[in-house]
Amino acid sequence: MDRRIVVSPLTGSLGAVVSGIDIGKDLSNAEFDQIHQAFNDHGAIFFRDQELTHQEQIDFARRFGELEVHPIVNGMEDYPEIIKVLKPAGESASFGTGWHSDNSFFEKPSLGSVLYGVTIPPHGGDTLFANQYMAYDALSEGMKALLDGLVAVHSAGPAYTSETAKEKYEGKTPITYRWSDTVNEETEHPVVRTHPETGRKALYVNQMFTQRFKDMTVAESQPLLQYLYAHCTKPDFCCRFRWEPKSVALWDNRCVQHYAIDDYRSYERVMYRTTIMGDRPV
Ligand code: SIN
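Predicted model only: the values in this text are computed from it and were never measured. (Residues numbered from 1 in each chain as written. Predicted model: local features only at pLDDT ≥ 70, side-chain atom pairs only at ≥ 80, totals over all residues. Heavy atoms only, no water.)

A. Layout of the sheet that holds strand β5 (residues 112–119). Pairing is mixed in the open sheet, where 7 strands are placed in the order β1-β2-β3-β13-β5-β15-β4. Among the strands making up the open sheet, the edge pair consists of β1 (6–9) and β4 (83–87). In this sheet, neighbouring strand axes are inclined to one another by 25° on average, regardless of whether the strands run parallel or antiparallel. Sheet topology note: the β1/strand β2 (residues 16–19) ladder contains 4 bridges and is antiparallel. Residue pairing across strands places Val-7 opposite Val-18, the latter belonging to β2. On top of the sheet, helix α1 (residues 29–42) reaches β1, β2, β3 (44–47) and β13 (248–252); it is set at about 130° to β3, its chief contact. (Pairing = 2+ DSSP bridges. Helix = DSSP H or I, 4+ residues; strand = E, 2+ residues; numbered from the N terminus. Axes fitted to C-alpha atoms, helices over the stretch in contact; angles between N-to-C directions. Contact = heavy atoms within 4.5 Å.)

Okay, here's the thing in structure tokens:
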């Protein structure tokens, strides 16, 4: 018998807590359809009190599509599809701190991400999410017309070659990197993309991975990009998720950006992330 799933919106912009379901147990097609609908309706959905093995997390994420093995960030030895997002006590957070859409530098960027929280600081370490449909809808008709024709160049380069990244390639940090050609590659995506499932238009540029507009220099691109970065993360378009041990967040990278807040230096935080393969943005 299907369980009674309740979807409770978290804010007026995006995010909803989904209760009444253990996502690690076999989900019927009807149950999965309700979760999928909540995902499309709210952009980011959250589950509390979930007991998940690594395999159960993988199985849940796979209901949405094939999983990625990150080309730069090392996955777990036995579960290469899972990145252990570990921040030891005494260090500052260095994964996802900055607004971004996961892996927008891929030719086919991530559809969604499933993050499972295991060790959570007593306070701090929340994650912010921003609704990129709302960000697009709030623009003037003139700006929409301008952006609808623009293409942006994305690359992992600057984010994965910063001074702090060096130690990660040397394997000296809790999260480690391996060198890959992906670091130097550039990919082009429309600045406004149409979500393949909802048909809605979303802004698709982010501060971490977007470098410039196609056929323009960095200097020419920056003023408009900086405007868009400030615009698309306005508090009006955001929700903030307070983690508890055993919480799960699932967000849609096609219409949502996120930011891992670095405000819990004294505490450890341990999360497990899987990312789902997406389509080429159009
Ligand atoms: C991420 O960017 O995937 C990490 C988010 C978080 O740790 O809150």
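Read on for the rest.
B. Fine view of α1. Over its 14 residues, α1 extends 20 Å from the first C-alpha to the last, a length consistent with the 20 Å expected when each residue adds 1.5 Å. The complete set of buried residues in α1 reads Glu-31, Phe-32, Ile-35, Ala-38, Phe-39, Asn-40 and His-42. Close packing links the buried residues of α1 with β1, β2, β3, α2 (54–62) and β13. Backbone geometry just downstream of α1 places Gly-43 in the positive-phi region, at approximately 75°. (Expected span 1.5 Å × (residues − 1). Buried < 20%, exposed > 50% of the residue type's maximum accessible area, 1.4 Å probe, protein only.)

C. Seen up close, empty space enclosed by the protein. Here the structure, examined in full by the defined rule, presents 2 cavities of 30 Å³ or more. Of the voids in this model, the largest cavity is the one considered here, and its volume is about 110 Å³. The wall of the largest cavity is formed by Val-85, Phe-95, Gly-96, His-100, Leu-115, Thr-127, Trp-251, His-258, Ala-260, Arg-269 and Arg-273. The residue makeup of the lining of the largest cavity, split by class, is 5 nonpolar, 4 polar and 2 charged. Empty space within the second largest cavity amounts to approximately 50 Å³. Along the walls of the second largest cavity sit Glu-68, Val-69, His-70, Pro-80, Glu-81, Ile-83, Asn-103, Arg-273 and Thr-275, which together make up its complete lining. The residue inventory of the lining of the second largest cavity, partitioned by class, reads 3 nonpolar, 3 polar and 3 charged. (1 Å grid on protein atoms, 1.4 Å probe; cavity = no way out; pocket = protein on both sides within 12 Å on 5 of 7 lines; lining within 4 Å. Points joined across faces, edges and corners; volume = space filled by probe spheres on them. Nonpolar A, V, L, I, M, F, W, Y, C, P; charged D, E, K, R; others polar.)

D. How the structure looks around the pattern of salt bridges. Scanning the model with the defined rule gives 15 salt bridges in all. In this structure, Arg-280 engages Glu-107 in a salt bridge whose closest nitrogen and oxygen atoms are separated by 3.3 Å. One end of the pair, Arg-280, is in the segment after β15 (269–276); the other, Glu-107, is in the loop between β4 and β5, with 173 residues separating them in the sequence. For Glu-107, a relative accessible area of 48% puts it in the partly exposed group. A salt bridge links Lys-214 to Glu-188, with the shortest nitrogen-to-oxygen separation between them at 3.7 Å. Of this pair, Lys-214 sits in the loop between β11 (210–213) and α7 (218–232) while Glu-188 sits in strand β8 (residues 187–190), and the two are 26 residues apart along the sequence. The class of Glu-188 is partly exposed, set by a relative accessible area of 37%. (Salt bridge = Lys/Arg side-chain N within 4 Å of Asp/Glu carboxyl O.)

E. Structural view of the side chain of Thr-182. Of note, Thr-182 is situated in the loop between α6 (165–169) and β8. The residues touching Thr-182, leaving out its near neighbours within four places in the chain, are Pro-71, Ile-72, Phe-105 and Ala-156.

That is the geometry; function is a separate question.
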